[in-house]
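Chain by chain, the residues run as shown.
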Amino acid sequence: MSKADIGKASASLSTSKYTYTGSQVKPNPVVKLNGKTLVKNTDYTVAYSNNINTGKATMTITGKGNYSGKIVKTFVITPKAPKSAICSLYGYDDVKVKWSAAKGASGYYVYYKRSTSDSYTYLGYTSNTSAKKANLYDGKKYYFKIVPYKTIGGTKYKGLQYKTASVYTLKKLSAPYVSKYSSGKVKVKWSNIAGESGYQISRSTKSSGINVVYTCRTTKGKSKVISAKKRKTYYYRVRAYRTVDGKRIYAPWSSARKYRLK
C-alpha cells in the first residue's frame, strides 16, 4: 500500500508570531489532508530549528505511518516587552521616555496618548532606548507605549508585548489668591496640580517683575503665609516645578495678582 504524501496537506498555526521565552518555542500545527485532521506522532512528527532566539524559526513536519514526505513552515519569534520604562520631563510640556533593552530586539515602536484618549498616536521607531516628544498639552497625564520589533530580511516584525509609562505635564497656573493673614503677613493660595514636585512664589513691586520669595517643596501644598509690608503694593505670581535627576523643570509663571496690605 502506497503512503499518502503529507506534502500535499495543509499545515496551519494559530499565529505567525510568538514571543521570546528564552527556551525553545514549539507551536503545534494543525495538519489536514483531504479533509482529515492528522494526528501528531501517529501520522507525522515535528522538528524545529532556530526556535530559541528572536528571528525566523523553522518547523519541519515529516510524514509517519501511512504518510510520507515533508512540509516546511516558518514562524517568527519576536522580543518580549522591555522590563521597565519611565517618563520624565525635560521641559514643562516636553517628555522623554526611557526603557530597558529587550533581548533580541532590533528596535522599538513608540506611541503616546493623553489619558482621556481611546487610542495611541504613533511617535516613531528607534534603535535607541529612549525617545522624546515636545509641546504636549499642558497639565495633562500622558501614556507612552513601547513595542519592540525584530528586523528580518528588511521587514520589521512587531512584538506581541509592550511596556507603558505615564507622566503629567506641568501647566501655567491661574493667578494666586492673596489675602491678609495678620499684621505684616499675607496668605498666598493657588490650585494644586498633579505631577509636580513643588511650587514657587514670586513677589515684586513691579507688575512684570519676578522675585522668588519662597519655594514650597511639596506635592500637596496649596498655600503659604509670607511677610509683606503694609501700605505697599505687590504683584504675586506662582509656578509649579518638577525635579528631574536633581534638576528643576519649571512651568511658566502665572499671571500677577495685585495686592496691597492695609
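Our subject is the structure listed above.
First things first, this report covers the structure right here in the doc. All values reported here derive from a predicted model rather than from experimental measurement.

How each quantity is defined
As a convention, each chain's residues are numbered from 1 in the sequence order in which they are written. Only residues with pLDDT of 70 or above have their local features reported here, since the model is predicted, and side-chain atom pairs are shown and tallied only from 80 upward, although totals for entire chains, interfaces and linings are computed over all residues. Hydrogens and water molecules were not included; the side-chain quantities draw on all heavy atoms of the structure. Numbering goes from the N terminus for both helices and strands, where a helix is a DSSP run of H or I of at least four residues and a strand is a run of E of at least two. The globule rule used for comparison is 2.2 Å times the number of residues to the exponent 0.38, while the radius of gyration itself is calculated over C-alpha atoms. Exposure is judged per residue with a 1.4 Å probe applied to protein chains only, and the accessible area is read against the type maximum: over 50% gives exposed, under 20% gives buried, and values in between give partly exposed. The contact criterion used throughout is that any non-hydrogen atoms of two residues lie within 4.5 Å. The Shrake-Rupley method, run with a 1.4 Å probe, gives the accessible areas here. Residue values count only the displayed protein chains as cover. Counting rule applied: Lys, Arg positive; Asp, Glu negative; His and chain ends not counted. Each charge is placed at NZ for Lys, CZ for Arg, CG for Asp and CD for Glu. Any two rings among Phe, Tyr and Trp, with Trp reduced to its six-membered ring, count as a pair given centres within 6.5 Å; such a pair is stacked if its planes are under 30 degrees apart, edge-to-face if over 60, and tilted if neither. Put simply, a charge is over a ring when the Lys NZ or the Arg CZ is close to the ring centre, within 6 Å, and near the line of the ring normal, within 35 degrees. When DSSP finds two or more bridges between a pair of strands, those strands are recorded as paired. Between N-to-C directions, angles span 0 to 180 degrees; the directions come from axes that are lines fitted to C-alpha atoms, helices contributing only their stretch in contact. Whenever a carboxyl oxygen of Asp or Glu lies within 4 Å of a side-chain nitrogen of Lys or Arg, that contact is scored as a salt bridge. Here a polar contact is recorded for every N or O atom pair within 3.5 Å, except that within protein the pair must consist of a potential hydrogen donor and a potential acceptor, and residues adjacent in sequence are included only if both atoms are side-chain atoms.

## Observations concerning the overall build of the protein
Logical step 1: Each helix and strand in the protein was counted, giving zero helices and 25 strands.
Logical step 2: Its C-alpha atoms give the protein a radius of gyration of 31 Å, clearly above 18 Å, the size a compact globule of 262 residues would have.
Logical step 3: Oriented by its inertia axes, the alpha-carbon framework of the protein measures out at about 115 × 30 × 25 Å.
Logical step 4: When burial is assessed residue by residue, the protein has 41% of its 262 residues classed as buried.
Logical step 5: Sequence-distant contacts in the protein: of pairs separated by 6 or more residues, those separated by 24 or more amount to 60%.
Logical step 6: In the form shown here, the protein has an accessible surface area of approximately 14300 Å², with 43% of it arising from carbon and sulfur atoms.
Logical step 7: The averaged location of the 8 negative side-chain charges in the protein is 12 Å from the averaged location of its 52 positive side-chain charges.

## Overview of the packing of aromatic side chains
Logical step 1: Evaluation of the coordinates by the stated rule reveals 11 aromatic pairs.
Logical step 2: Taken together, a centroid distance of 5.5 Å and an interplanar angle of 80° make the contact between tyrosine 18 and phenylalanine 75 edge-to-face. Highlighted residues: tyrosine 18 in strand β3 (residues 17-19) and phenylalanine 75 in strand β9 (residues 70-78), separated in sequence by 57 residues.
Logical step 3: Residue classification places tyrosine 18 among the buried residues on the basis of a relative accessible area of 14%.
Logical step 4: Judged by its relative accessible area of 1%, phenylalanine 75 is buried.
Logical step 5: What links up through ring pairs into an aromatic cluster is the set Tyr109, Tyr111, Tyr122, Tyr125 and Tyr149.
Logical step 6: Directly above the ring of tyrosine 120 sits lysine 113, whose terminal nitrogen or CZ lies 5.0 Å from the centroid.
Logical step 7: Of note, lysine 145 hangs over the ring of tyrosine 111, and the distance from its end group to the ring centre comes to 5.2 Å.

## Here we look at unusual backbone geometry
Logical step 1: Not every positive phi belongs to a glycine, and asparagine 34 is a case in point at roughly 55°.
Logical step 2: Looking at where asparagine 34 falls in the secondary structure, it is placed in the loop between β4 (30-33) and β5 (36-37).
Logical step 3: Judged by relative accessible area, which is 79%, asparagine 34 ranks as exposed.
Logical step 4: The backbone of asparagine 135 shows a phi angle near 60°, a positive value even though the residue is not glycine.
Logical step 5: Take asparagine 135: it is sitting in the loop between β14 (130-133) and β15 (141-152).

## Things to note about the sheet that holds strand β10 (residues 85-91)
Pairing between the strands of a sheet is mediated by backbone hydrogen bonds and can be parallel or antiparallel.
Logical step 1: Sheet architecture is open: three strands sit in the order β10-β11-β14, paired in antiparallel fashion. Of all the strands in the sheet, just β10 and β14 have a single pairing partner and so form its edges. Between one strand axis and the next, the sheet turns by 20° as a mean value, whatever way the strands run.
Logical step 2: With four bridges connecting them, strand β11 (residues 94-99) and β14 associate as antiparallel partners. Its bridge partner lying in β14, lysine 96 is registered against lysine 132.

## Here's the deal with the pairing of strand β19 (residues 185-189)
Logical step 1: The alternating pattern of β19 places Val186 and Val188 on a buried face and Lys185, Lys187 and Lys189 on a face that is not buried.
Logical step 2: Here strand β18 (residues 177-182) pairs with β19 via five bridges, running antiparallel. Opposite lysine 180, over in β19, you have valine 186 as the bridge partner.
Logical step 3: Between β18 and β19, which pair antiparallel in sequence order, lie two residues; one of them, glycine 184, sits at a positive phi of approximately 85°.
Logical step 4: As defined by bridge partners, β19 adjoins strand β22 (residues 223-227) across five bridges and the pair is classed as antiparallel. Bridge assignment links valine 188 to a residue of β22, and that residue is lysine 224.

## Some remarks on the side chain of arginine 203
Logical step 1: Along the chain, the position of arginine 203 falls in strand β20 (residues 198-204).
Logical step 2: In this structure arginine 203 is buried but unpaired, with glutamate 196 as the nearest side chain of opposite charge at 22 Å.
Logical step 3: Separated by 2.3 Å, the side chain of arginine 203 and the backbone oxygen of serine 227 make a polar contact.
Logical step 4: Ignoring anything within four residues of it in the chain, the contact list for arginine 203 reads Asn211, Val213, Ile226, Ser227, Ala228, Tyr234, Tyr235 and Tyr236.

Keep in mind these values describe shape, not function.
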